[in-house]
Amino acid sequence: MRIIAILFFFLPYFAASLPQEAKVNQRKVDREHHRKEKAAKKEYQDAIKMHEKNQSKETRAMMKKSKKENKKNTPMNMPGGKKCK
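Reading the values: rules and limits
Residue numbers run consecutively from 1 along every chain, following the written order of its sequence. In view of the model being predicted, local features appear only for residues whose pLDDT reaches at least 70, and side-chain atom pairs are presented and counted only at 80 or more, with totals across whole chains, interfaces and linings using the full set of residues. Side-chain metrics rest on all non-hydrogen atoms present in the structure, leaving aside hydrogens and water. For helices the rule is a DSSP run of H or I covering at least 4 residues; for strands it is a run of E covering at least 2, with both sets numbered from the N terminus onward. The classification of residues rests on relative accessible area computed with a 1.4 Å probe and restricted to protein chains. Under 20% of the type maximum is buried, over 50% is exposed, and intermediate values are partly exposed. Surface accessibility follows the Shrake-Rupley procedure with a 1.4 Å probe radius. Residue values consider only the protein chains on display as shielding. Here, expected helix span is obtained from the residue count minus one, scaled by 1.5 Å. Any carboxyl oxygen of Asp or Glu within 4 Å of a side-chain nitrogen of Lys or Arg constitutes a salt bridge here. Patch building starts from residues that exceed 30% relative accessible area and form no salt bridge, then joins like charges within 9 Å and nonpolar side chains (Val, Leu, Ile, Met, Phe, Trp, Tyr) within 5 Å. Positive charges come from Lys and Arg alone, negative charges from Asp and Glu alone, with His and the N- and C-terminal ends not counted. A charged residue contributes its charge at one atom only: NZ of Lys, CZ of Arg, CG of Asp or CD of Glu.

S.K.: Hey, could you run me through the overall build of the protein in this one?
M.R.: Along the backbone of the protein there are two helices and zero strands. Of all 85 residues assigned to the protein, the portion counted as buried reaches 0%. Carbon and sulfur atoms make up 62% of the accessible area of the protein, which totals about 8800 Å².

Here it is as structure tokens:
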């Protein structure tokens, strides 16, 4: 009977610590996910640069021109995530 009373008394303390551990674990997962995304983005950019270096001078010039045109013709993102027209 005493054991049940002691467990009942300490149960709120154990329950309160669980959400904190979940937040810490979620933060670790988010940090790891962000790190992997950053590494993947860097690898992608390196692959694009390598591809551009393997092209002829005329092709590189054409790719550079089309990249500039794409940036100019692409609408900017609005703060709400909607594209402006």
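S.K.: For this particular structure, what's the right way to read helix 2 (residues 57-73)?
M.R.: Given 3.6 residues to a turn, an α-helix orients residues that are three or four positions apart in the same direction. The end-to-end C-alpha separation of helix 2 is 24 Å, in line with the 24 Å expected for 17 residues at 1.5 Å each. Here helix 2 lies mainly on the outside; zero of its 17 residues are buried.

S.K.: Mind showing me how you'd approach the pattern of salt bridges here?
M.R.: Two side chains of opposite charge can pair, provided their charged atoms sit close to one another. Tallying each qualifying case throughout the model produces three salt bridges. Residue Lys42 pairs with Asp46 through a salt bridge whose shortest N-O separation is 3.3 Å. Here Lys42 pairs with Asp46, and both are found in helix 1 (residues 2-53), just four residues apart, close to one helical turn.

S.K.: It is not clear to me how a positive patch on the surface should be interpreted in this structure. Could you clarify?
M.R.: Taken together, the side chains of Lys23, Arg27, Lys28 and Arg31 define a basic patch exposed on the protein surface. Along the chain, the position of Arg31 falls in helix 1.

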